[in-house]
Amino acid sequence: MLRTLTRGSVYMVERYLPDPYIFVLILTLVVFAAGMGVEQQSPLQMIQYWGDGFWNLLTFGMQMVLVLVTGYVLASSPPFKRLLQALARLASTPGQAILLVTVVSMVAAWINWGFGLVIGALFARQLAQVVTRVDYRLLIASAYTGFLVWHGGLASSVGLVIATEGHFAQDQIGIVPTSETIFSSFNLLLVLSILIVIPVVNRMMMPPDHQAVTVDPQKLANEEAPAPVKNDRPADRLENSIILAQAVGLMGLAFLAYYFIAGQSSLNLNIVNFAFLFLGIVLHGRPSSFLNTVQEAVKGAGGIVIQFPFYAGIMAMMIDSGLAESLSSLFVAASTEVTFPLFTFLSAGLVNIFVPSGGGQWAVQAPVMLDAAERLGVSVPRTAMAVAWGDAWTNMIQPFWALPALAIAGLNAKDIMGYCLVVLLVSGVIMGAGLMFFP
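Residues numbered from 1 in each chain as written. Predicted model: local features only at pLDDT ≥ 70, side-chain atom pairs only at ≥ 80, totals over all residues. Heavy atoms only, no water.

Visitor: Just checking my understanding: could you explain the overall build of the chain for this structure?
Guide: In terms of regular secondary structure, the chain is built from 23 helices and zero strands. In terms of overall size, the chain behaves like a compact globule, its C-alpha atoms giving a radius of gyration of 22 Å where 439 residues would be expected to give roughly 22 Å. For the chain, the spread of C-alpha atoms along the three principal axes comes to 70 × 50 × 45 Å. As displayed, the chain has an accessible area near 18400 Å², and 67% of this comes from carbon and sulfur atoms. Separation of charge centres in the chain, based on 19 positive and 23 negative side chains, amounts to 17 Å. (Helix = DSSP H or I, 4+ residues; strand = E, 2+ residues; numbered from the N terminus. Rg over C-alpha atoms; globule rule 2.2 N^0.38 Å. Areas by Shrake-Rupley, 256 points an atom, 1.4 Å probe, with all protein chains shown as cover. Lys, Arg positive; Asp, Glu negative; His and termini not counted. Charge placed at Lys NZ, Arg CZ, Asp CG, Glu CD.)

Visitor: For this particular structure, what's the right way to read a nonpolar patch on the surface?
Guide: Together, Tyr 21, Ile 22, Ile 26, Val 30, Val 305 and Ile 306 give the surface a local cluster of nonpolar side chains, amounting to about 510 Å² of exposed area. The set of elements that each furnish at least two residues to the nonpolar patch consists of helix 2 (20-39) and helix 17 (302-321). By residue number, the principal contributor to the nonpolar patch is helix 2, which donates four residues. Tracing the sequence through the fold places Tyr 21 in helix 2. (Patch = residues over 30% accessible without salt bridge, like charges linked within 9 Å, V, L, I, M, F, W, Y side chains within 5 Å. Salt bridge = Lys/Arg side-chain N within 4 Å of Asp/Glu carboxyl O.)

Visitor: What is the right way to look at the packing of aromatic side chains in this model?
Guide: Geometry of an aromatic ring pair is reported as the spacing of the ring centres plus the angle between the planes. Within this structure, the stated rule accounts for 12 aromatic pairs. Both rings, one in Phe 54 and one in Trp 55, keep their centres 4.9 Å apart while their planes meet at 85 degrees; by these two values the pair is edge-to-face. The class of Phe 54 is buried, set by a relative accessible area of 15%. We classify Trp 55 as exposed; its relative accessible area is 53%. For the ring pair Phe 331 and Phe 343, a centre distance of 6.5 Å and an interplane angle of 50 degrees mean the geometry is tilted. Pair noted here: Phe 331 is in helix 18 (residues 323-333) and Phe 343 is in helix 19 (residues 340-354), with a separation of 12 residues, a long-range link. (Phe/Tyr/Trp six-rings, centres within 6.5 Å; stacked < 30°, edge-to-face > 60°. Buried < 20%, exposed > 50% of the residue type's maximum accessible area, 1.4 Å probe, protein only.)

Visitor: Looking at this structure, how should I read helix 22 (residues 399-409)?
Guide: Since there are 3.6 residues in each turn of an α-helix, residues three or four apart along the chain are aligned in direction. Of all 11 residues in helix 22, 10 are buried, a share of seventy percent or more. Looking only at helix 22, the buried set comprises Pro 399, Phe 400, Trp 401, Ala 402, Leu 403, Pro 404, Ala 405, Leu 406, Ile 408 and Ala 409. For helix 22, the elements touching its buried residues are helix 2, helix 4 (58-75), helix 7 (113-130), helix 8 (136-145), helix 17 and helix 23 (413-437). A positive backbone phi angle near 75 degrees is found at Gly 410, which sits one or two residues after helix 22. (Contact = heavy atoms within 4.5 Å.)

Visitor: Looking at this model, I keep getting lost on the pattern of salt bridges. Mind explaining?
Guide: Charged atoms that come close allow side chains of opposite charge to pair. Using the criterion set out here, one finds two salt bridges in the structure. The closest approach of N and O atoms between Asp 135 and Arg 137, which form a salt bridge, is 3.0 Å. The exposure class of Asp 135 is buried, given its relative accessible area of 3%. The exposure class assigned to Arg 137 is buried, which follows from its relative accessible area of 12%. With a closest N to O distance of 3.7 Å, Asp 415 and Lys 414 form a salt bridge. Exposure remark for Asp 415: the relative accessible area of 14% places this residue in the buried category.

Visitor: Help me understand the nonpolar core, please; the structure alone is not making it clear to me.
Guide: Nonpolar side chains tend to gather and get buried jointly when the protein is soluble and globular. Judged by nonpolar contacts, the single largest core of 139 residues is most densely connected at Leu 139, Tyr 144 and Ile 416. If you tally residues by element for this core, the top one is helix 23, at 11 residues. Look past the residues within four positions of Leu 139 in its chain and what remains in contact with it is Ala 97, Ile 98, Val 101, Ala 124, Leu 127, Ala 128 and Val 134. (Core = buried A, V, L, I, M, F, W, Y, C linked by side-chain atoms within 4.5 Å.)

Visitor: Looking at this structure, how should I read empty space enclosed by the protein?
Guide: To find the voids left in a structure, one rolls a probe of water-molecule size over its atoms. The tally for this structure, following the rule as stated, stands at two cavities of 30 Å³ or more. Roughly 40 Å³ of volume is contained in the second largest cavity. Lining the second largest cavity we find Pro 94, Arg 133, Val 134, Asp 135, Leu 138, Met 206, Pro 207, Asp 209 and Ala 212. The residue makeup of the lining of the second largest cavity, split by class, is six nonpolar, no polar and three charged. (1 Å grid on protein atoms, 1.4 Å probe; cavity = no way out; pocket = protein on both sides within 12 Å on 5 of 7 lines; lining within 4 Å. Points joined across faces, edges and corners; volume = space filled by probe spheres on them. Nonpolar A, V, L, I, M, F, W, Y, C, P; charged D, E, K, R; others polar.)

Visitor: I would appreciate a short explanation of the environment of Ser 427 in the present structure.
Guide: The residue Ser 427 is located in helix 23 in this model. A C-alpha to C-alpha distance of 36 Å links Ser 427 and Pro 78, two positions 349 residues apart in sequence. Excluding anything up to four places from it in sequence, Ser 427 contacts Leu 148, Ile 198 and Trp 393. A distance of 3.3 Å separates a polar side-chain atom of Ser 427 from the backbone oxygen of Leu 424. (Polar contact = N/O pair within 3.5 Å; in protein donor to acceptor, adjacent residues only side chain to side chain.)

Visitor: Which parts of the structure should I look at to understand the packing of helix 6 (residues 94-111) against helix 11 (residues 185-204)?
Guide: A pair of packed helices can be characterised by two numbers: the angle between their axes and the separation between those axes. At a minimum axis distance of 8 Å, the contact between helix 6 and helix 11 shows a crossing angle of 150 degrees. By the angle between their axes, helix 6 is roughly antiparallel relative to helix 11. As helix 6 runs across helix 11, the sense of the crossing is right-handed. On helix 11, the residues touching Gly 95, Ile 98, Leu 99, Thr 102, Val 103, Met 106 and Trp 110 of helix 6 are Val 191, Ile 194, Leu 195, Ile 198, Pro 199, Val 200, Asn 202 and Arg 203. Each residue belonging to the contact of helix 6 with helix 11 can be placed in one class, and the counts come to 11 nonpolar, three polar and one charged. (Axes fitted to C-alpha atoms, helices over the stretch in contact; angles between N-to-C directions. Parallel < 35°, antiparallel > 145°, perpendicular 65-115°, else oblique. Left-handed = near helix turned anticlockwise from the far one by under 90°.)

Visitor: Can you walk me through helix 1 (residues 2-16) in this structure?
Guide: Under the 1.5 Å per step criterion, the end-to-end length of helix 1 is 21 Å for 15 residues, consistent within 8% with the ideal 21 Å. Elements that come into contact with the buried residues of helix 1 comprise helix 8, helix 11 and helix 23. (Expected span 1.5 Å × (residues − 1).)

As structure tokens, then:
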């Protein structure tokens, strides 16, 4: 039955899901119209919200480009590539490859979402070269499904924000330690449940051998082959100077050591990119090898560069027009003490389609959800994590977050979203039930 559902989902997505750029243009017009129709905003006001917010994600957009580029550079370095190749050899059948890539990407995403996105996609490429009969679309989709657990992990933006002194809701809820959110029993049980169930679901979605869409392993190997080293000119010798690269690379590693030893141990996106960058410099050895890999990685960043400003504009229209608050209030009005975590989760999943930013979404939904939680007597940590899990959940059908993985894999969104839609349905049941009933 699951294979039948998967075939239908894959067929529907391949036929009707447009390129992510078209998707973001449609979302822009939908939110623009909804702001006028639902919130009674004028066309001029909506255009103003859109234009004023269009560049609000410039910093984050650059961070995402660096996640892709530095992660690709690190994973393409000879030592790291050998590590991924060694892990890939643990799988000898397509089923084992699907299970392995899902688990590895989930563990990596639980540590840090940017790390998980890149490692999952690059590990999938290595597996495709070892297990040549595996369906490449499902393999990359399985790598991306690891992203489901990031908001329940060490880099959870909601969990970390409310545990930080001076957060915007501190006067209302105080400081909420991570022991009550990220490391609470209900959250850890949710992570464990997904870590057990989703790899099995991905394995069960495997098509028969004669229907598998495979990739030529030699093509992948050729794409990763190092460029020849030239030493004809004095400039060439500088570009291939291991001493020069290691001197600067070791400076970066020294800063990382100081950062963590001094107690500044927040694993944020900037420090992850910094670590990826300087580990990549050190592990590539020669500056020329590093630069050649950077040039390859940058080719896949076009979607991020163009689409992130549009999402910033959508977010601004959703927030400034009041649409995001109205959506949240609609779900709150239908809730009881028992169902409130579920409806909070569902509302967060819907808002995430239009506001694909964990921290930004929490800023939008927190005032509504926290007031309702207090009125209904529902746990604040559970409410906060319901928003977090809802934000992570619908990433399975939001091309925004898949762009780095797709760029690394050389695929389009329609190639993987059919599988991700099935995972969305299964994981939604687990998350909703867990938020309501797990102790």
